[in-house]
There are 2 protein chains.
Amino acid sequence: MTDFTATKAMFDLPKGVLYLDGNSLGPLPSAAVARVGEMMAAEWGQMLITGWNKAGWMALPTDLGDRIGRLIGAEPGQVVMGDTLSIKVYQAVASALELIPGRKVVLSDNGNFPTDLYMVDGLLRSLGAGYELRIVDPEAVEGAITEEVAVLMLTEVDYRTGRKHDMKALTAKAHAKGALTVWDLAHSAGALQVDLAGCGADFAVGCTYKYLNGGPGAPAFIYVAPRHADNVRPALSGWLGHEAPFAFDLDYRPGSGIERMRVGTPPVIQLTALAAAMDVWDMADMTDVRAKSVELTELFIAEVEAACPELELASPRDPNLRGSQVSFRFADGYAAMQALIARGVIGDFRAPDIMRFGFTPLYIDEGDVRAAVDILADVMNNRLWDRNEYKVRARVT
Amino acid sequence: MTDFTATKAMFDLPKGVLYLDGNSLGPLPSAAVARVGEMMAAEWGQMLITGWNKAGWMALPTDLGDRIGRLIGAEPGQVVMGDTLSIKVYQAVASALELIPGRKVVLSDNGNFPTDLYMVDGLLRSLGAGYELRIVDPEAVEGAITEEVAVLMLTEVDYRTGRKHDMKALTAKAHAKGALTVWDLAHSAGALQVDLAGCGADFAVGCTYKYLNGGPGAPAFIYVAPRHADNVRPALSGWLGHEAPFAFDLDYRPGSGIERMRVGTPPVIQLTALAAAMDVWDMADMTDVRAKSVELTELFIAEVEAACPELELASPRDPNLRGSQVSFRFADGYAAMQALIARGVIGDFRAPDIMRFGFTPLYIDEGDVRAAVDILADVMNNRLWDRNEYKVRARVT
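Residues numbered from 1 in each chain as written. Chains lettered and ligands numbered in written order. Predicted model: local features only at pLDDT ≥ 70, side-chain atom pairs only at ≥ 80, totals over all residues. Heavy atoms only, no water.

- In the annotation of an unreviewed UniProt entry, chain A is listed under the name Kynureninase and assigned to Ruegeria marina.
- According to UniProt, the comment filed for chain A under the heading Subunit (unreviewed entry) is "Homodimer." (UniProt positions renumbered as here; feature names shortened; annotations may be inferred.)

Next up, the structure:
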């Protein structure tokens, strides 16, 4: 059994704050500051260039990939870290398209996070005439998987509502129609059980600064199913994906398996912070995390609906159909969220009217949920949001 | 006048080490550890998601881009940080190609760093039939700039020998033939005076972990000439390059000017380390740095040639034709470099026979150069390299 009291003790959350925004940026694992300081002083400072081998920097992208792999149903050697999620989406879709010559449609939905759509739009423009990014409603995805589709690219959990796609069924349908799949796990990794191998997923990508707590701008990851890993020729053919990077050959020869999805020099400082975050994850079992997440989201929904009649549930009511977040619609949601944040409950807002709350069992417990609902009820029922100071919009992340 | 005693005091180099590999990985600026620790504890830890605005994280890529811009002849608002150099090469060449419809040749040379060639190879394969990466000898570049060429992509300073291209003349020739230029400044930024505006360069990219001392895996930068900045439609169209990233529109609309070259979420921890490194650079004038660099390289060449007759100069003898490194050829160069490193003089080796030494006036002075030559002479003249322990090859970065 995962000891959530122990994992909670591994984070230094600010006093007076109830943090329900770990689905946007996970909090600081207490050990990360010393860990990064040590890496900088003892490794970078003392080993200098030799740190790449002596301190194992060069192996960090695969070492950490393996540790994340455990949480998403991947075996060691199938996940590698690097770049940003946007870049990894581009890399995955470009790779998938090359495996399906003759087909030119990438199918996605309008619940996908916009950068995934933007990146594929840019990719398809480069590829030229005939390529099409087809965007349908989330509910229409299954029916839109036809034999025209080369790649089905979806984010498993909708960033706005937490609605969850059926990865297994949609992957099976895609395969039945001869298409490949690219799954974005931004709101899945560390949020719920993912079984990439069991679902037969072809490619998956994700970020590490949300549920995984890797810190602001932590690198992304990419998974390639072993049946594809040695067949893919990456469009982003960088030197660290080369079979022999330090031979400095003029011609690109892709490295073995997942190694070829590496591109440039890995961000060692960010990866070190992520390593500290993964130490917390090493204490957790995703079955326990998911069970606890469902408990917390069910409790939150029940309590909010009882206390705040003006808020309308925007997330699926069935926990099997949602991720680890709960969203409510409220016309003045922006101001209400600002008022809530001023009272120490941090969630976030997504236009036009979504108040979004993330539940992260590693450091959020039932007491936190009840305390957050009490404050939310106070904000709503005493119309604390109806003040000008909360209505001025700043850029919200 | 730049006070090099003061800048040297801002680095904690290990005792007993003479570090002549700052052209590969710059050393740790002393202030960086506390700076990063403070960012992690006080910003990430305490501000959590609100750090994006409150702590100015979102502005770091342009703030730091402006500070680097000062060193390379760019005005504020023309340089932005992000991704790796490999990705930035791809982004720059893809952008340049879109500005020259109808032409399909990218011209480069075999002295370019391999990842630049690999990335363009991957890009051109995506673009399809007719595109060609044409690679010539460095000396043949000028003659190969014809009206077929869309983009001239060169690394200004050769990573092996330090040979320097004439950026101004080659850019002028390219423009005369209707081509655009992409300059890789990996071995230029912080190494010598670069005048992008004065040379009329179209695009430039570079890394920040070499002469700029941003740390292992520090992010890259990209420069776009203002005459192109609002015309480029980036192939890597990520959400942070969108006109309104937080509107979460389904359609990509490029942001204003250099902002559109942003892609994904910036690596805030790495950028914070880089900010500490740029504090040292803020004390330096590139004219002084270059003058001192020339003094150091001239001294090194003269002393080595006097003391080590077996070493053959591989760098141009004229300092105006080389960057801030000096390379010597020696058949057993790998073993000699290992023997040298064992004695505390850190340079590096590039196949097949190049011993490479970087000179970085911010923290290397004449006394260091003389001390390094004494040890090198001892290694060479007493054949200390001729031991089996130095001949076993490990992966060298």
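Additional details are given in the paragraphs that follow.
Regarding the relation of the copies chain A and chain B
Two chain copies here: they are related by a rotation about an axis and a translation along the same axis.
At step 1: Rotating chain A by 180 degrees and moving it 0.0 Å along the rotation axis overlays it on chain B with an RMSD of 0.0 Å. On the angle and the small slide along the axis, the relation comes out as a two-fold axis. Looking at the rotation axis and the C-alpha trace of chain A, the residue lying nearest is Leu127 of chain A, at 2.6 Å. (Least-squares fit on C-alpha atoms with pLDDT ≥ 70 in both.)

As for unusual backbone geometry
All names here are of chain A.
At step 1: The amide bond that connects Ala351 to the next residue, Pro352, takes the cis arrangement and shows omega of 0 degrees.
At step 2: Even without being a glycine, Asn213 presents a positive backbone phi close to 70 degrees.
At step 3: Mapped onto the elements, Asn213 comes out in the loop between β7 (203-206) and β8 (221-224). (Helix = DSSP H or I, 4+ residues; strand = E, 2+ residues; numbered from the N terminus.)

Side note on the side chain of Glu156 of chain A
Residue and element names in this part refer to chain A.
At step 1: In this fold, Glu156 is placed in the loop between β5 (149-155) and α8 (167-176).
At step 2: This buried residue, Glu156, is left without a salt bridge; Lys164 holds the nearest opposite charge, at 4.2 Å.
At step 3: Setting aside its immediate chain neighbours within four residues, Glu156 contacts Arg163, Lys164, His165, Met167, Trp183, Asp184, Leu185, Ser188, Leu192 and Val194. (Buried < 20%, exposed > 50% of the residue type's maximum accessible area, 1.4 Å probe, protein only. Lys, Arg positive; Asp, Glu negative; His and termini not counted. Salt bridge = Lys/Arg side-chain N within 4 Å of Asp/Glu carboxyl O. Contact = heavy atoms within 4.5 Å.)

Digging into the UniProt feature "binding site: pyridoxal 5'-phosphate" (unreviewed entry) in chain A
All names here are of chain A.
At step 1: Taken from the UniProt record, the annotation "binding site: pyridoxal 5'-phosphate" (unreviewed entry) applies to Leu85, Ser86, Phe113, Pro114, Thr115, Asp116, Thr155, Asp184, His187, Tyr209, Trp239 and Thr265. In three dimensions, the annotated residues from a span of 181 residues occupy distinct locations, with a maximal C-alpha spread of 30.1 Å.
At step 2: Along the chain, Asp116 turns up in helix α6 (residues 114-127).
At step 3: With a relative accessible area of 0%, Asp116 lands in the buried category.
At step 4: If sequence neighbours within four positions are ignored, Asp116 has contacts with Val89, Met153, Thr155 and Asp184.
At step 5: On the secondary structure map, Trp239 appears in the loop between α10 (226-229) and α11 (268-281).

Details of the nonpolar core
At step 1: Residues Ile72 and Phe300 of chain A together with Ile72 and Phe300 of chain B are the most contacted members of the largest nonpolar core, which totals 302 residues.
At step 2: Sequence-distant contacts of Phe300 of chain A, defined by excluding residues within four places in its chain, comprise Leu20, Val326, Phe328, Phe357, Phe359, Val369, Val373 and Leu376 of chain A. (Core = buried A, V, L, I, M, F, W, Y, C linked by side-chain atoms within 4.5 Å.)

What to know about the packing of aromatic side chains
Residue and element names in this part refer to chain A.
At step 1: Inspection of every chain in the model, using the stated rule, returns 31 aromatic pairs over all chains.
At step 2: Seen in terms of ring centroids, Phe11 and Tyr363 are 4.9 Å apart; in terms of plane orientation they differ by 55 degrees. Their pairing is tilted. Of this pair, Phe11 sits in the loop between α1 (4-8) and β1 (18-19) while Tyr363 sits in the loop between β13 (354-358) and α14 (366-381); the two residues are 352 residues apart in sequence, bridging distant segments of the chain. With respect to burial, Phe11 and Tyr363 carry one shared label: buried. (Phe/Tyr/Trp six-rings, centres within 6.5 Å; stacked < 30°, edge-to-face > 60°.)

A short note on the domain arrangement of chain A
Residues and elements named next belong to chain A.
At step 1: Split by domain assignment, chain A resolves into domain 1 (4-28 + 285-390) and domain 2 (56-281).
At step 2: Summarising the inter-unit geometry, the C-alpha centres of domain 1 and domain 2 are found 29 Å apart.
At step 3: Taken together, the contacts link 31 residues of domain 1 with 23 residues of domain 2.
At step 4: Of the roughly 2100 Å² buried at the junction of domain 1 and domain 2 (both faces included), carbon and sulfur atoms supply 60%.
At step 5: Taken together, the connections running from domain 1 to domain 2 amount to zero salt bridges.
At step 6: On inspection of domain 1 and its partner domain 2, the count reaches 13 residue pairs in polar contact (both at pLDDT 80 or more).
At step 7: Elements with a contribution of two residues or more to the side of domain 1 that touches domain 2: α12 (286-307), β10 (325-329) and β13.
At step 8: If you tally residues by element for the side of domain 1 that touches domain 2, the top one is α12, at five residues. (Domains from an automatic or database assignment. Buried area = accessible area lost by both parts, 1.4 Å probe. Polar contact = N/O pair within 3.5 Å; in protein donor to acceptor, adjacent residues only side chain to side chain.)

What about the sheet that holds strand β4 (residues 132-136) of chain B?
Residues and elements named next belong to chain B.
At step 1: Read from one edge of the open sheet, seven strands run β2-β8-β7-β6-β5-β3-β4, paired in mixed fashion. This sheet does not close on itself; its edge strands, each paired only once, are β2 (79-81) and β4. Between one strand axis and the next, the sheet turns through 20 degrees on average, direction left out of account.
At step 2: Direction of pairing for strand β6 (residues 180-184) relative to strand β7 (residues 203-206): parallel, over a ladder of three bridges. If you follow Trp183 over to β7, its bridge partner there is Ala204. (Pairing = 2+ DSSP bridges. Axes fitted to C-alpha atoms, helices over the stretch in contact; angles between N-to-C directions.)

Considering the interface of chain A and chain B
At step 1: Listed as interface residues are 83 residues of chain A and, on the opposing side, 83 residues of chain B.
At step 2: Here chain A meets chain B over a buried area of about 7200 Å², counting both sides, of which 68% is carbon and sulfur.
At step 3: Connecting chain A to chain B are four salt bridges.
At step 4: Of all the secondary structure elements, the ones that give two or more residues to the side of chain A that touches chain B are α2 (31-47), α3 (51-54), α5 (85-99), α6 and α11 of chain A.

Things to note about helix α13 (residues 333-342) of chain A
Residues and elements named next belong to chain A.
At step 1: In terms of burial, α13 is largely enclosed, as seven of its 10 residues are buried.
At step 2: Looking only at α13, the buried set comprises Gly333, Tyr334, Ala335, Ala336, Met337, Ala339 and Leu340.
At step 3: Close packing links the buried residues of α13 with β11 (345-346), β12 (348-350), β13 and α14.

Description of the sheet that holds strand β9 (residues 312-313) of chain A
Note on sheets: strands pair through backbone hydrogen bonds, and any given pair is parallel or antiparallel.
Residue and element names in this part refer to chain A.
At step 1: One open sheet holds the four strands; their spatial order is β9-β10-β13-β12, and the pairing between them is antiparallel. The sheet is open, and its two borders are formed by β9 and β12, each paired with just one other strand.
At step 2: Note that β12 and β13 share three bridges and pair antiparallel. Paired with Asp348 across the two strands is Arg356, which belongs to β13.
At step 3: Relative to β10, α12 is tilted by about 20 degrees, and along the sheet it contacts β9, β10 and β13.
At step 4: Strand contacts of α13: β12 and β13, with the helix running at about 40 degrees to β13, the strand carrying the most contacts.

Description of the packing of helix α5 (residues 85-99) of chain B against helix α6 (residues 114-127) of chain B
All names here are of chain B.
At step 1: It is the contact of α5 with α6, at a shortest axis distance of 9 Å, that shows an interaxial angle of 45 degrees. Here α5 lies oblique to α6, going by the angle between them. As for the relative orientation of α5 and α6, their crossing is right-handed in sense. When α5 is examined against α6, the residues Ser86, Ile87, Val89, Tyr90, Val93, Ala94 and Leu97 are found in contact with a partner set consisting of Thr115, Asp116, Met119, Val120, Leu123, Leu124, Ser126 and Leu127. (Parallel < 35°, antiparallel > 145°, perpendicular 65-115°, else oblique. Left-handed = near helix turned anticlockwise from the far one by under 90°.)

Some thoughts on the UniProt feature "modified residue: N6-(pyridoxal phosphate)lysine" (unreviewed entry) in chain A
Residues and elements named next belong to chain A.
At step 1: With numbering matched to this structure, UniProt assigns "modified residue: N6-(pyridoxal phosphate)lysine" (unreviewed entry) to Lys210.
At step 2: Among the secondary structure elements, Lys210 is positioned in the loop between β7 and β8.
At step 3: For Lys210, a relative accessible area of 11% translates into the label buried.
At step 4: Excluding its chain neighbours within four sequence positions, the residues that come into contact with Lys210 are Gly22, Asn23, Ser24, Leu25, Gly26, Ala186 and His187.

Some thoughts on the pattern of salt bridges
Residue and element names in this part refer to chain A.
At step 1: Across all of its chains, the model carries 50 salt bridges over all chains by this definition.
At step 2: Linking Arg343 and Asp378 is a salt bridge whose minimum nitrogen-to-oxygen distance equals 2.5 Å. Note that Arg343 is positioned in the loop between α13 and β11 and Asp378 in helix α14, a separation of 35 residues in sequence.
At step 3: We classify Arg343 as partly exposed; its relative accessible area is 37%.
At step 4: Notably, a salt bridge pairs Asp386 with Arg383, separated by 3.1 Å at the nearest N-O pair.
At step 5: Asp386 gets classed as partly exposed once you look at its relative accessible area, which sits at 37%.
At step 6: Taking relative accessible area as the criterion, Arg383 reaches 43% and is therefore assigned partly exposed.
At step 7: Through salt bridges with shared partners, a single network forms among Arg35, Arg67, Asp279 and Asp282.

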